[in-house]
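# Results of the structural survey
Single-letter residue listing:
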Amino acid sequence: MQIANSVFEIISADSVQVYRYLDIGSGKPTIEQRNHTTHYLIDVVDPDYWFTAGQFCKLAFGACEEVYKKNRIPLFVGGTPFYINSFFLGLSSIPAIDKSIRQQLIEELGKRGVGSLYRELLEYDNIFASKIHFNDKQRILRGIEVYRSTARPISSFYNQKKGFETKDTLYIGLYQEKDILHRRIDNRVDKMIRTGFVDEVINIRSMGFGSDLNSMKSIGYNELNYYIDGKLALEEAIDNVKANTKKYAKRQMTWFRKNKRIHWFTSFEVERMRELIDKWLDTILLDN
């Protein structure tokens, strides 16, 4: 929409686009698109950096301040629900955790497996554990390390959350019918492969960034690492990328559907979206 060029600057809320070199698999906007409209929180850390939701919130707040200095409006774009919720609804104020605890847990993960650690988390914090996937290694480790460090379940910190949502915050969500969405995912993955996704992963590996990194466990990169290591045929890896992307899209919708303030549109309803945004802009300009 033309309105975005003069009023908004974009803050990426994508947990993979923060990493340098992970371009094709994360669907980063092109250089031309970034030159056309200013984007923030893209290419901010190397792939071996353990990037957290807390760091996202800190950088996003700084980006918002930069946008406001230009008398523009920050437009958060992206599909990482945890980042969106953390910034707008609040992230718990958890004390700093000793790095040795995290390192010990990583070693335990290799020996015991994620299932064993998830069962341990259930004993410590059934509330938190029931809200995450039983194979979500990052959050399972986070839940256990917080408990071991503070002797408190991570869920007990939630009532201290303070986010940046206000009555003026406008949420817009895009959805597609399941068959259309799955077809678009298949086409997108095929295009990623045609435009050099495999070579991108090989190049990242050649730079010394291993397949065990959290960034390289993201959908697309994880499956192609299995192919590069000779554990999967290429076609099987591609099929897995498609299947896992569809599962993630379903989880995204489950997360976002909980936010009753989201206005939902299909990608064909551009005029309806434009009308809503124009009305919202008129309202906030009058209020301010």
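The rules behind each value
- Residue positions within a chain follow its written sequence, with the count starting from 1.
- In view of the model being predicted, local features appear only for residues whose pLDDT reaches at least 70, and side-chain atom pairs are presented and counted only at 80 or more, with totals across whole chains, interfaces and linings using the full set of residues.
- The side-chain values count all of the structure's non-hydrogen atoms but skip hydrogen atoms and water molecules.
- Under the scheme used here, helices are H or I runs from DSSP no shorter than 4 residues and strands are E runs no shorter than 2 residues, and both carry numbers assigned from the N terminus.
- The globule rule is 2.2 Å times the number of residues to the power 0.38, and the radius of gyration it is compared with is taken over C-alpha atoms.
- Between buried and exposed lies partly exposed: a residue is buried under 20% and exposed over 50% of the maximum accessible area for its type, with that area taken using a 1.4 Å probe on protein chains only.
- The contact criterion used is simple: two residues touch if any of their non-hydrogen atoms lie within 4.5 Å.
- Calculation of accessible area relied on Shrake-Rupley with a 1.4 Å probe; when residues are assessed, cover is drawn exclusively from the protein chains displayed.
- Each pair of aromatic rings taken from Phe, Tyr and Trp, with Trp reduced to its six-membered ring, is defined by centres within 6.5 Å and is described as stacked if the planes are under 30 degrees apart, edge-to-face if over 60, and tilted in the remaining cases.
- Charge over a ring is defined by NZ of Lys or CZ of Arg lying within 6 Å of the ring centre and within 35 degrees of the ring normal.
- Put simply, a salt bridge is a Lys or Arg side-chain nitrogen that is within 4 Å of an Asp or Glu carboxyl oxygen.
- Two strands are counted as paired when DSSP detects at least two bridges linking them.

## A look at the overall build of the protein
Scanning the protein from N- to C-terminus turns up 13 helices and five strands. Here the C-alpha atoms of the protein give a radius of gyration of 20 Å, agreeing with the 19 Å that 2.2 N^0.38 yields for 288 residues. Summarising its shape, the C-alpha atoms of the protein cover approximately 60 × 50 × 35 Å along the three principal directions. In the protein, buried positions account for 40% of the 288 residues. Within the protein, contacts between residues separated by at least 24 positions form 70% of all contacts whose residues are at least 6 apart in sequence. Of the roughly 16,600 Å² that the protein leaves accessible, carbon and sulfur atoms contribute 52%.

## Considering the packing of aromatic side chains
Evaluation of the coordinates by the stated rule reveals 14 aromatic pairs. Taking the centre distance of 4.7 Å and the plane angle of 25° together, the rings of Phe-87 and Phe-164 count as stacked. With a gap of 77 residues between them, Phe-87 in helix H4 (residues 81-89) and Phe-164 in the loop between helix H8 (137-150) and strand S4 (171-174) connect regions that are remote in the sequence. You can call Phe-87 buried: its relative accessible area is 4%. Within the aromatic cluster, the residues linked to one another by ring pairs are Phe-61, Phe-76, Phe-87, Phe-88, Phe-164 and Tyr-171. Arg-139 extends its terminal NZ or CZ atom over the ring of Phe-82, reaching a point 4.3 Å from the ring centre. Over the aromatic face of Trp-255 sits the side chain of Lys-258, whose NZ or CZ is 5.8 Å from the ring centroid.

## Considerations on the pattern of salt bridges
Taken as a whole and assessed by the stated rule, the structure comprises 21 salt bridges. Linking Glu-108 and Arg-112 is a salt bridge whose minimum nitrogen-to-oxygen distance equals 2.7 Å. Highlighted residues: Glu-108 and Arg-112, both in helix H5 (residues 99-112), separated by four residues, approximately one helical turn. Through salt bridges with shared partners, a single network forms among Asp-23, Lys-28, Arg-34 and Asp-43.

## So, the pairing of strand S1 (residues 8-12)
Of all five residues making up S1, five are buried, and the element is well covered by its neighbours. The alternating pattern of S1 places Phe-8, Ile-10 and Ser-12 and Glu-9 and Ile-11 on opposite faces, both of which are buried. Alignment of S1 against strand S3 (residues 73-77), held across five bridges, turns out to be parallel. Within S3, the residue paired with Ile-11 across the bridge is Phe-76.

## Things to note about unusual backbone geometry
Although it is not a glycine, Tyr-21 sits at a positive phi angle of roughly 80°. Considering the arrangement of structural elements, one finds Tyr-21 in the loop between S1 and helix H2 (31-36). For Tyr-21, a relative accessible area of 33% puts it in the partly exposed group. Positive phi values are uncommon outside glycine, yet Ala-151 reaches one of about 65°.

By themselves, these figures tell us nothing about what the structure is for.
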